[in-house]
Amino acid sequence: MKDLAAYLARRLSGEVRVDEPMARHTTWRIGGPADLFIEPAGVEELAFVLRYLREQGVPTAVIGNGSNLLVADSGVCGAVVKLGTRMGRIEVEGTRIRAEAGARLARVAGAAMRVGLSGFEFTTGIPASVGGAIMMNAGAHDRSMADVVGRVTVLDTAGRLMTRTAQECGFGYRQTVLQREGLIVVEAALRGTPRNPAEIREEMGELLRRRRCVQPLEYPSAGSVFKNPPGDAAGRLIDRAGGKGLRVGDAEVSIRHANFIVNLGSAKARDVRELIARVRELVAARFGITLELEVKLLGEDP
């Protein structure tokens, strides 16, 4: 792997590292080392990296800000490619915002507010990047990325670029067709509507205050761990089943929001996985419902 890393380091202007701790790249602050970690400095570098790793037979995972990701304590065999700040450009064009996949949602919402474009207020407090948010159709307050996406530019695993309309993305609840097809969002054209910047700022401030009241933002987490089952809320079910406050090591089912598992300091992936299993068992026993994970698992511990 070191020889491969040395070759890529000579070819790329982005970052290439060996045995990179993934805890640095997830909002849970959990995760062992990736054999090879690459942060490309643009779409061309990303396409080259994907083609090269495929040719070399290296297992590859592509991540964004790691806001819905649980990485195993043993780390990740193969390569992790991060779409980070080197692919985070934002441009405003009339009522459209062109954003690269690595741009944080907070920066997009801020840019929209400054020019008086509404529609992005719901993203306040969501710690995702644009690419990951689109792939998962992230949302809050009865809105989601499906409401603001006009079109996306994607790469396949062979490094080929193509464009998809919002309809072709197949947006659903915390899912898209893009996930199932193994495509990677590299850029998006997002739609806004004109609105007074002061009104936008006021709404974003109110949404953030609301989040701070009901979510444990003082601790590292991945946001909602489970998807809401049809017609109900996962947090309510977990609370009613007695899951709130359960703890394994330094991982705890938040006493403020039962669909959050927080890292109290030095939680391990195995602690979180055990809590996930316990919560599922409690809810299944009480309500006969099997909760589906919203977070993604990367790597596998023995």
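Report on the accompanying structure. By convention here, each chain's residues receive numbers from 1 onward along its written sequence. A pLDDT threshold of at least 70 governs which residues receive local features in this predicted model, and a stricter bar of 80 or more applies before side-chain atom pairs are shown or counted, although totals over entire chains, interfaces and linings include all residues. Side-chain metrics in this entry use all non-hydrogen atoms of the structure; hydrogen atoms and water are not considered.

**A short note on the pattern of salt bridges**
Then, number 1: Whenever a carboxyl oxygen of Asp or Glu lies within 4 Å of a side-chain nitrogen of Lys or Arg, that contact is scored as a salt bridge. Taken as a whole and assessed by the stated rule, the structure comprises 23 salt bridges.
Then, number 2: Residue Glu-187 pairs with Arg-98 through a salt bridge whose shortest N-O separation is 2.8 Å. With Glu-187 in strand 13 (residues 184-191) and Arg-98 in strand 7 (residues 96-100), the pair connects residues that are 89 residues apart, well separated along the chain.
Then, number 3: Think of it in three bands: residues with accessible area under 20% of the maximum for their type are buried, residues over 50% are exposed, and the middle band is partly exposed, with areas taken using a 1.4 Å probe on protein chains only. Taking the relative accessible area as the measure of exposure, Glu-187 reaches 19% and is therefore buried.
Then, number 4: Judged by its relative accessible area of 26%, Arg-98 is partly exposed.
Then, number 5: Close ionic contact of Arg-195 with Glu-121 constitutes a salt bridge, the shortest N to O distance being 3.0 Å. Here Arg-195, found in the loop between strand 14 (193-194) and helix 7 (197-214), pairs with Glu-121, found in the loop between strand 8 (117-118) and helix 4 (130-136); they are 74 residues apart in sequence, far enough to count as distant.
Then, number 6: A residue is classified by how much of its surface remains accessible, and Glu-121, at 5% relative accessible area, is buried.
Then, number 7: Residues joined in a network through salt bridges with shared partners are Glu-15, Arg-17, Glu-20, Arg-24, Glu-39 and Arg-86. Only runs of H or I of at least four residues qualify as helices and only runs of E of at least two qualify as strands under DSSP, and these elements are numbered from the N terminus.

**Overview of the sheet that holds strand 7**
Strands in a sheet are paired, the pairing made by backbone hydrogen bonds, and the direction either parallel or antiparallel.
Then, number 1: The 5 strands are arranged 6-7-13-11-12 in an open sheet whose pairing can be described as antiparallel. Since the sheet does not close on itself, it has two edges, and those belong to strand 6 (90-93) and strand 12 (161-165), each with one partner. Direction aside, the axes of adjacent strands within the sheet are offset by 20° on average.
Then, number 2: Here a strand pair is declared whenever DSSP counts at least two bridges between the two strands. With 4 bridges joining them, strand 6 and strand 7 adopt antiparallel strand pairing. Residue pairing across strands places Glu-91 opposite Arg-98, the latter belonging to strand 7. Under this scheme, a helix contributes an axis fitted over its contacting stretch, all axes are lines through C-alpha atoms, and angles between N-to-C directions fall in the 0 to 180 degree range.

**As for the packing of helix 1 (residues 2-11) against helix 2 (residues 43-55)**
Then, number 1: Contact pair helix 1 / helix 2: the axes reach a minimum separation of 12 Å and the direction vectors enclose 155°. Taken as axis vectors, helix 1 and helix 2 run roughly antiparallel relative to one another. In this structure, helix 1 crosses over helix 2, and the sense of that crossing is right-handed. Along its contact with helix 1, which presents Leu-4, Tyr-7, Leu-8 and Arg-11, the element helix 2 presents Phe-48, Tyr-52 and Leu-53.
Then, number 2: Counted by class, the contact of helix 1 with helix 2 contains 6 nonpolar, no polar and 1 charged residues. Each angle receives one of four descriptions, namely roughly parallel if under 35 degrees, roughly antiparallel if over 145, roughly perpendicular if within 65 to 115, and oblique otherwise. Crossing chirality is assigned from the near helix's rotation relative to the far helix, an anticlockwise turn below a right angle marking it left-handed and a clockwise turn marking it right-handed. It only takes one pair of heavy atoms within 4.5 Å for two residues to be counted as in contact. Under the convention adopted here, Pro, Cys and the residues Ala, Val, Leu, Ile, Met, Phe, Trp and Tyr are nonpolar, Asp, Glu, Lys and Arg are charged, and Gly plus all remaining residues are polar.

**Some words on the packing of aromatic side chains**
Then, number 1: What counts as a ring pair is set by centres within 6.5 Å for rings of Phe, Tyr and Trp (its six-membered ring), and what kind of pair is set by the plane angle: stacked under 30 degrees, edge-to-face over 60, tilted for all other angles. With the rule as written, the count across this model stands at 2 aromatic pairs.
Then, number 2: Aromatic side chains Phe-48 and Tyr-52 sit 6.1 Å apart centroid to centroid with 15° between the ring planes, which places their arrangement in the stacked category. Here Phe-48 and its partner Tyr-52 are both found in helix 2, 4 residues apart, which amounts to about one turn of the helix.
Then, number 3: A relative accessible area of 14% places Tyr-52 in the buried class.

**Here we look at the sheet that holds strand 15 (residues 247-248)**
Then, number 1: Here we have 3 strands laid out as an open sheet, ordered 15-16-17, and antiparallel in their pairing. Bordering the open sheet on either side are strand 15 and strand 17 (261-263), each of which pairs with just one other strand.
Then, number 2: Where strand 15 and strand 16 (residues 251-253) come together, 2 bridges link them in antiparallel fashion. What sits directly across from Arg-247, in strand 16, is Glu-252.

**A look at the side chain of Arg-164**
Then, number 1: Topologically, Arg-164 is positioned in strand 12.
Then, number 2: By relative accessible area, which is 16% here, Arg-164 ends up buried.
Then, number 3: Throughout this description, a polar contact denotes any pair of N or O atoms lying within 3.5 Å of each other; where both atoms belong to protein, one of them has to be capable of donating a hydrogen while the other can accept it, and for residues adjacent in sequence the pair is counted only when both atoms sit in side chains. Looking at Arg-164, its side chain comes within polar contact range of the side chain of Glu-181, at 3.0 Å.
Then, number 4: Once residues lying within four places of it in the same chain are set aside, the contact partners of Arg-164 are Arg-151, Val-152, Val-154, Cys-169, Leu-178, Glu-181 and Leu-183.

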